[in-house]
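Now for the letters of each chain:
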Amino acid sequence: LESGTLYLEDGQTSNVSNALISIPYERGKPVVADVSATVSGAASAIASIAGRNPVNAMKNAPFTATDLSGDATVTLKAQFPLKKDVQANEVAWSADIGLNGVSVAKPFDGQQLTDASGNISANKRGFELKADARLNGLPAKLSLKQSLGDAIADRTLSVQLELNEKARSTLAPG
């Protein structure tokens, strides 16, 4: 598929391009479809798509897809089971996600994230985020690496605030 539109139940749409679906067959192996595509649009629509099987990327997120604003572009490679006997954890997927002006409507973990632009690389084992954003109104560079699945507690976060005199006096008056 050279280009098309993906329609979601809530009325949102996303643009799809460079989509390829193949169904390789090997005797004795589960039947899965290999899919690759680029999907772009509102960050909330992209997160809604990512929250579906087999990816389930939003399962442990501290916010919902509808909490997001801004834009995102995803280059996705995934396998989709074509038989019920294939479990979602048996298939592979990977995504490179470009963020542009993405904000989360509600604070999470006590922090307000706005205007994030950067990249997320993800697969079924975990993800890595690198972005410039505003954290609680202050300019910041974020780096987050987190495993997914059973080892969800494995997380590395680095936040570098960029403080000018005005931002410093807001954060620590005096």
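Before reading on, note that the structure itself is shown above.
So, here's what we can say about the structure. (Residues numbered from 1 in each chain as written. Predicted model: local features only at pLDDT ≥ 70, side-chain atom pairs only at ≥ 80, totals over all residues. Heavy atoms only, no water.)

## Details of the overall build of the protein chain
Within the protein chain, the secondary structure is distributed over 2 helices and 9 strands. Counting from the amino terminus, the protein chain carries its helices and strands in the arrangement β-β-β-α-β-β-β-β-β-β-α. Overall, the C-alpha framework of the protein chain stretches about 70 × 35 × 25 Å when taken along its three principal axes. Burial statistics for the protein chain: of 174 residues in total, 29% are counted as buried. In the protein chain, once contacts between residues fewer than 6 apart in sequence are set aside, the share between residues at least 24 apart is 41%. As presented, the protein chain carries roughly 10800 Å² of accessible surface, and 53% of it is formed by carbon and sulfur atoms. Of the side chains in the protein chain, 17 bear a positive and 18 a negative charge, and the two mean positions are spaced by 4 Å. (Helix = DSSP H or I, 4+ residues; strand = E, 2+ residues; numbered from the N terminus. Buried < 20%, exposed > 50% of the residue type's maximum accessible area, 1.4 Å probe, protein only. Contact = heavy atoms within 4.5 Å. Areas by Shrake-Rupley, 256 points an atom, 1.4 Å probe, with all protein chains shown as cover. Lys, Arg positive; Asp, Glu negative; His and termini not counted. Charge placed at Lys NZ, Arg CZ, Asp CG, Glu CD.)

## Topic: the environment of Leu 163
Looking at the element boundaries, Leu 163 is found in the loop between strand S9 (155-161) and helix H2 (165-171). Owing to a relative accessible area of 41%, Leu 163 belongs among the partly exposed residues under this scheme. Apart from the residues lying within four places of it in its own chain, the contact partners of Leu 163 are Leu 138, Arg 168 and Leu 171.

## So, helix H1 (residues 43-50)
Taken as a whole, H1 has its buried residues at Ala 43, Ser 44, Ala 45, Ile 46 and Ala 47. Buried-residue contacts for H1 involve strand S2 (13-22), strand S3 (32-42), strand S4 (68-81) and strand S5 (93-104).

## A few points about the pattern of salt bridges
Per the stated rule, a full pass over the model turns up 5 salt bridges. Between Glu 128 and Lys 130 there is a salt bridge, and its shortest N-O distance comes to 3.6 Å. You can call Glu 128 partly exposed: its relative accessible area is 28%. With a shortest N-O distance of 3.0 Å, Asp 132 and Lys 141 are connected by a salt bridge. Classification of Lys 141 as partly exposed rests on a relative accessible area of 36%. (Salt bridge = Lys/Arg side-chain N within 4 Å of Asp/Glu carboxyl O.)

## Quick notes on a nonpolar patch on the surface
A surface patch of nonpolar side chains, about 430 Å² in accessible area, is lined by Leu 157, Val 159, Leu 161, Leu 163 and Leu 171. Sorting elements by how many residues they give to the nonpolar patch places S9 first, with 3 residues. Within the fold, Leu 161 resides in strand S9. Leu 161 sits in the partly exposed class, given a relative accessible area of 36%. (Patch = residues over 30% accessible without salt bridge, like charges linked within 9 Å, V, L, I, M, F, W, Y side chains within 5 Å.)

## Quick look at the layout of surface pockets
In this structure, the second largest pocket spans a volume of roughly 160 Å³. Residue lining of the second largest pocket: Pro 24, Tyr 25, Glu 26, Lys 29, Pro 30, Val 32, Asp 34, Gln 79, Val 86, Glu 90 and Val 91, and that is the complete set. The class makeup of the residues in the lining of the second largest pocket is 6 nonpolar, 1 polar and 4 charged. (1 Å grid on protein atoms, 1.4 Å probe; cavity = no way out; pocket = protein on both sides within 12 Å on 5 of 7 lines; lining within 4 Å. Points joined across faces, edges and corners; volume = space filled by probe spheres on them. Nonpolar A, V, L, I, M, F, W, Y, C, P; charged D, E, K, R; others polar.)

## Section: the sheet that holds S3
The strands that make up a sheet pair up through hydrogen bonds in the backbone, lying either parallel or antiparallel. In spatial order, the strands read S1-S2-S3-S4-S5-S6-S7-S8-S9; together these 9 strands make up an open sheet with antiparallel pairing. At either end of the open sheet lies a strand with only one pairing partner, and these are strand S1 (3-7) and S9. Taking each pair of neighbouring strands and ignoring which way they run, the sheet shows an average axis angle of 15°. With 7 bridges connecting them, S5 and strand S6 (residues 113-123) associate as antiparallel partners. Paired with Leu 99 across the bridge in S6 is Gly 118. (Pairing = 2+ DSSP bridges. Axes fitted to C-alpha atoms, helices over the stretch in contact; angles between N-to-C directions.)

## Concerning the nonpolar core
By size, the foremost hydrophobic cluster in this structure holds 32 residues, and its most contacted members are Ile 97, Leu 99 and Leu 113. Going through the elements one at a time, S2, S3, H1, S4, S5, S6, strand S7 (126-135) and strand S8 (138-147) are the ones with two or more residues in this core. Examining the composition of this core, we find that 6 residues originate from one element, S5, more than from any other. (Core = buried A, V, L, I, M, F, W, Y, C linked by side-chain atoms within 4.5 Å.)

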